[in-house]
Each structure stands twice: as structure tokens, then as C-alpha cells.
Amino acid sequence: MKTNDLDLAVDPPARIAVIGAGPIGLESALYARFLGYSVCVLEKGRVADHVRRWGHVRMFSPFAMNHSPLGLAALEAQNTHYRPPSPDAYLTGDQWADAYLMPLAESDLLADCIREQAHVTDIARFGCTKGAYWNDPASRAEFPFLIRYEDRSGEEQTVEADVVIDASGVYHCPKWIGPGGMPAAGERLCRSRITYHLPDVEGTEREAFAGQRVLVVGSGYSAATTVVSLAKLAEQAPGTAVVWLTRLRPGQQEPIPRFAPDPLPERDGLAEAANRIARGHPAVEHLPGWWIETVAWNDNHFLVTLKEPSDQESSHDTAARKEVRAFDRIVANVGYRPDTGLFRELHVHQCYATEGPIRLAARLLGENTTDCLAVGAAGGEALVTTEPHFYIVGSKSYGRLSHFLYQNGLKQIRDIFAIIGGRAGLDLYKTVQPAKKSTTVL
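Remember, it's a predicted structure, so these values are computed and weren't measured experimentally.

Rules of the game
- Residues numbered from 1 in each chain as written.
- Predicted model: local features only at pLDDT ≥ 70, side-chain atom pairs only at ≥ 80, totals over all residues.
- Heavy atoms only, no water.
- Salt bridge = Lys/Arg side-chain N within 4 Å of Asp/Glu carboxyl O.
- Helix = DSSP H or I, 4+ residues; strand = E, 2+ residues; numbered from the N terminus.
- Buried < 20%, exposed > 50% of the residue type's maximum accessible area, 1.4 Å probe, protein only.
- Pairing = 2+ DSSP bridges.
- Axes fitted to C-alpha atoms, helices over the stretch in contact; angles between N-to-C directions.
- 1 Å grid on protein atoms, 1.4 Å probe; cavity = no way out; pocket = protein on both sides within 12 Å on 5 of 7 lines; lining within 4 Å.
- Points joined across faces, edges and corners; volume = space filled by probe spheres on them.
- Nonpolar A, V, L, I, M, F, W, Y, C, P; charged D, E, K, R; others polar.
- Contact = heavy atoms within 4.5 Å.
- Phe/Tyr/Trp six-rings, centres within 6.5 Å; stacked < 30°, edge-to-face > 60°.
- Expected span 1.5 Å × (residues − 1).
- Core = buried A, V, L, I, M, F, W, Y, C linked by side-chain atoms within 4.5 Å.
- Left-handed = near helix turned anticlockwise from the far one by under 90°.
- Disulfide = S-S within 2.5 Å.

Peer 1: What is the right way to read the pattern of salt bridges from this model?
Peer 2: Should the charged atoms of two oppositely charged side chains come close, the side chains can pair. Following the criterion strictly, the structure yields 24 salt bridges and no others. One salt bridge in this structure joins D328 and R213, with 3.1 Å as the shortest N-O distance. Placement of the pair is D328 in the loop between β13 (322-327) and β14 (329-332) and R213 in strand β8 (residues 213-217), with a sequence separation of 115 residues. The exposure class of D328 is buried, given its relative accessible area of 16%. Look at R213 and you get partly exposed, because its relative accessible area is 34%. Members of the salt-bridge network, linked through shared partners, are E285, E308, R321, E323 and R325.

Spelled out as C-alpha cells, the structure:
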């Protein structure tokens, strides 16, 4: 029997556990509370932790694309004096967290159900092992979920749930920088010294990068953000030098893709600036297709063996040129992957290419685009996993794919609660609307 043959409706006040108090986790919990479910949100760190880690970066999309009608309705009901940012405001991550995410988490609907410093380590079914009922999801659905987590004091705690929504994100699981996605030789030993996230080069981390030799690895918008910031820093801090390693993409002449016309001018402006730097900048050397063979930390700097691309496919190609270079800093903006260990005891069929849930992965890969705006709503059936009542939403649902959009996350929430609520036309985003108020411009 397939899970999409089951009646997956669950009546309130059933227990719904949400893993992660990031943007989509908060929105999921809010939707559930509006429908009358009992909700527990388990957050490994603090609310909006991942957003805070790139809090200095300005978002590509305006605030109009980064909130839900339900969220604004909850905030305005909580505080009649609340004024949201202007719909056309481009906020930094910190501004978004301060103006929307934190007030949402502190609202009456959510404040009492969020447990911070609750590190989820395992999810299973109470009284039902992974090997049990492998061909009978209806029987598996009878057993409640058991969620084990470590609290702020390090003690293990357990909660039960009838439905689990995994919105834990991927930002805490960066990929490796070595060949084929594996760690470069020596990378594991150097991992604590390598920056795998977006550094605040022009702000709080300026002194750490000024005058330094920096290796940047990555071919996406995060790497582009880092390189553009370092190029600006190099104009003010002599001695700042950057080597930028990017992938070779078939048929693409420049490292960062552009979409014409691009409805997100901030995104297009970043791509244009990064590509211009790659074409030639006195402080930036662009090495397309080069890869990292070894990394070592020696005498307060990195020694990195770089290997140039060649026509040979073997990593043992002796004709390929190698260079050993010294760097003071390495920034690895190479993307992220999902932590699938949380549900190792559940029946979750994953895509072998993306590590996302198979039905959604097939839909996303079929779209054949890296433009987040071009991805349509997947629909509820694509979000039903092979484990009854277990859902993966947000950036984690996209697996290793990087073009997740907040608005698509809201569509996911709408679609899964139409299933959980047992009403195909259920859409609180249409039926619950915030009051019309003047806005605060940020």
C-alpha cells in the first residue's frame, strides 16, 4: 500500500512537532496553531539562528515576498501598534528577523510552544522499528512518533507526536570542497579553521580579512557575495588578494548565471558585479574549473594544492598542472546538504541525486531550472513522504538543490495542511488577511 492511498487527515488537537524555528518552521507552527492543533517546536539553537548567521546580507527579494498573510494577521492581533516593513523594502537577514520573525516567535500563538536549545538527535515510531510493516504504511501510521532531543543542559528528553514536520534547514550542514564532493585530503583536520558560511567581510569580520590572502570556493550567489565584498575591501585594504575557484558549467561563459529579464534586480546586480570581477580585477584571480586536492594548516596559514582542469577525467592525470599556494583564509561557499540522520529510523525514500524526498525531488529535477522564481508549486502529493504523517518542508525539502524560495515554502505549508486538515481547498492564506495599515520603511 502506498502512503498516498491513505487518509492522512488528523483532527485537532492532535500533536504536531515542528523541527526547527527558522522562517518556515515558524510559519508551519503558526498555521497549525490557527487550525487548533497542539504544537511543539524544537529548535537546536535560537529562533532564526540560521538567518542570523547571514544577517548582514541584504535579501534579493522584497518584504512582500518574505512574510505570510497569516503571520501579519497574528502580529497585528497581538499588537495593534505593530507596523510591518514596507512591502518593497529589501531587508538584511537581521532586519527581517527583528521586524518579523522574532515578533512572530514571541506572539501569543507561538511563544509557549517553542523550545530553544533543543537539539533533535533521533525520530522514530514508538513501538515500531524501521523494519516493521515495511509494506503496510497504514499499520505504521497507528504508532506515534517519538522524538529524542538534548536540552540546554545536555539532558536527553523525549516528546511524542502524531505528525512531524521537519523544517530544520540545511545551513548547518555545508558540503566539502574536495573533488567530486568528498573532503579534500586534509580538509577534515582543517575544518574548524575554514569558513563555510557567509563572512561579514565589510562589517564585523573586516579586520580578519583585510590584507589577507583569501581562497574563495564556490559558484553560487553566496560565493559571489563573498567575492564582491572582498573586492571592495581590497580597494581599501592594500595586500588583500583573492583566488576564486568556480565550477565549469557546460555552455556557460561566466561563473554566476543571469536570468534575462530578471525580476529580482538585487540578484541580477550581484551576478553582474561578480562576473565583471571574474573577467578581470587587480585583486581577484579567477580560476574556473580548478579544484582542490589537498589542504593543510602550517605555520599559521593554509597550504593548498590546486589542480587545473584538463581533458583527462582521471584524478591521476600527470599532465594536469598542480600548484601549491599559501592562503591566510579559506571561504568555502559550496552549498549545503540535508542532515538525513534525523529520520534514519523512518521510511523516507530519498532521491539519489539530491537527497531530498523522492516525489518532490522528481518534480524539482523535472523543472530543469536553477531559477527559484521559475519553480512552481509542487502540490500536496509531492510533499507526502513514504513515512505516513512525516513531512519535510523548507530548504531541507530541496535536498542539495539551492534554489528554494520562501514563497514556495509557504505553498508547501498550505498544501500539507490541506492534507493534514482533510480539506482539499483549505487555504488560510486566502481566508485570513491582515488589516490594512501604514508600514514602517526599513
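Having seen the model, we can carry on.
Peer 1: Just to check I follow, could you spell out the sheet that holds strand β5 (residues 145-150) for this structure?
Peer 2: In a beta sheet, neighbouring strands pair by backbone hydrogen bonds and run either parallel or antiparallel. Overall, antiparallel pairing links the 3 strands, which are arranged β4-β5-β6 in an open sheet. The open sheet has two edge strands, β4 (119-125) and β6 (156-161), and neither has a second partner. Neighbour to neighbour, the strand axes of the sheet diverge by 25° on average, direction disregarded.

Peer 1: Sorry, what's going on with empty space enclosed by the protein here?
Peer 2: In this approach, a probe sized like a water molecule rolls over the atoms, and the result shows the empty space that is left. Counted under the stated rule, the structure contains 2 cavities of 30 Å³ or more. Around the second largest cavity sit V348, H349, P357, I358, R359, V384, T385 and T386, which together line it. Along the lines of polarity and charge, the residues of the lining of the second largest cavity split into 4 nonpolar, 3 polar and 1 charged.

Peer 1: Explain helix α3 (residues 69-78) to me, please; I cannot follow it from the model alone.
Peer 2: Within an α-helix, residues lying three or four positions from one another point in the same direction, as the helix has 3.6 residues per turn. Taken across its 10 residues, α3 has 7 buried, putting it largely inside the fold. When α3 is considered as a whole, its buried residues turn out to be L70, G71, L72, A73, A74, L75 and E76. Lining the buried residues of α3 we find α1 (23-34), α4 (93-105) and α13 (428-431).

Peer 1: So what exactly am I meant to see when it comes to the layout of surface pockets here?
Peer 2: One number sums up the size of the second largest pocket: a volume of about 380 Å³. Every residue lining the second largest pocket is counted, 20 residues in all, and those nearest its centre are V57, R58, E202, T225 and S229. Taken together, the elements giving at least two residues each to the lining of the second largest pocket come down to α8 (221-236) and α9 (265-279). The biggest single contributor to the lining of the second largest pocket is α8, with 5 residues. Partitioning the lining of the second largest pocket into residue classes produces 8 nonpolar, 7 polar and 5 charged.

Peer 1: Explain the packing of aromatic side chains to me, please; I cannot follow it from the model alone.
Peer 2: The geometry of an aromatic ring pair comes down to the distance between the two centres and the angle between the two planes. Taken as a whole and assessed by the stated rule, the structure comprises 12 aromatic pairs. When the centroid spacing of 5.1 Å and the interplanar angle of 25° are considered together, the rings of Y31 and F417 count as stacked. Of this pair, Y31 sits in helix α1 while F417 sits in helix α12 (residues 406-420), placing them 386 residues apart in sequence. Considered together, Y31 and F417 belong to a single accessibility category, that of buried residues. With centroids separated by 5.3 Å and ring planes inclined at 85°, the aromatic side chains of W96 and Y406 adopt a geometry described as edge-to-face. Note that W96 is positioned in helix α4 and Y406 in helix α12, a separation of 310 residues in sequence.

Peer 1: I would appreciate a short explanation of the sheet that holds strand β1 (residues 15-19) in the present structure.
Peer 2: As summarised here, the arrangement of the 5 strands in space is β3-β2-β1-β7-β15, forming an open sheet in which the pairing is parallel. The two strands at the open ends of the sheet, each matched to only one other strand, are β3 (114-115) and β15 (390-392). Pairing geometry for β1 and strand β2 (residues 38-42), over 5 bridges, is parallel. When the sheet's bridge partners are listed, I16 is paired in β2 with V39.

Peer 1: What's the story with α1 in this structure? I'm lost.
Peer 2: Compared with the 16 Å implied by 1.5 Å per residue over 12 residues, the 17 Å span of α1 between its first and last C-alpha is a close match. Within α1, 10 of the 12 residues are buried, which leaves the element mostly enclosed by the surrounding structure. Within the sequence span of α1, burial applies to P23, I24, G25, L26, E27, S28, A29, L30, Y31 and A32. Following α1 by one or two positions, G36 has its phi on the positive side, about 95°.

Peer 1: Please explain the nonpolar core as it appears in this structure.
Peer 2: Here is a general trend for soluble globular proteins: nonpolar side chains tend to be buried in one another's company. Ranked by size, the top nonpolar core spans 68 residues in total, and within it W96, Y100 and F417 carry the most contacts. Considering each element in turn, this core owes the most residues, 8 residues, to α12. In this view, W96 contacts P23, V51, W54, M59, F63, N66, L91, L101 and Y406; residues no more than four positions away in its chain are not counted. Listed in part, the 24 residues of the second largest apolar core include F209, W244, I256 and V331.

Peer 1: For this particular structure, what's the right way to read the packing of α1 against α4?
Peer 2: In helix packing, the relevant descriptors are the interaxial angle and the interaxial distance, both defined with respect to the helix axes. Two numbers describe how α1 lies on α4: the axes approach to 10 Å, and their chain directions differ by 35°. Of the two elements, α1 crosses α4, and the hand of that crossing is left-handed. Where α1 abuts α4, its residues P23, L26, E27 and L30 lie against W96, Y100, L101, L104 and A105. Among the residues forming the contact of α1 with α4, the class breakdown is 8 nonpolar, no polar and 1 charged.

Peer 1: I would appreciate a short explanation of the state of the cysteines in the present structure.
Peer 2: Here a disulfide denotes a covalent bond joining the sulfur atom of one cysteine to the sulfur atom of another. Across all of its chains, the model carries 0 disulfides by this definition. C351 forms no disulfide, and the closest cysteine sulfur to it belongs to C173, at a distance of 17 Å. With a relative accessible area of 7%, C351 lands in the buried category.

Peer 1: How should unusual backbone geometry be read in this particular structure?
Peer 2: One can expect most non-glycine residues to show negative phi and most peptide bonds to be in trans. For the bond running from P12 to P13, omega is 5°, close enough to zero to count as cis. Within the secondary structure, P13 sits in the segment before β1. Following A260, the chain continues into P261 via a peptide bond in cis, with omega recorded as -10°. For P261, the position within the fold is in the loop between β9 (241-246) and α9. For D299, which is not a glycine, the phi torsion comes out positive at approximately 55°. The topology assignment puts D299 in the loop between β11 (291-298) and β12 (301-307). The backbone of H389 shows a phi angle near 70°, a positive value even though the residue is not glycine. Tracing the backbone shows H389 in the loop between α11 (380-383) and β15.

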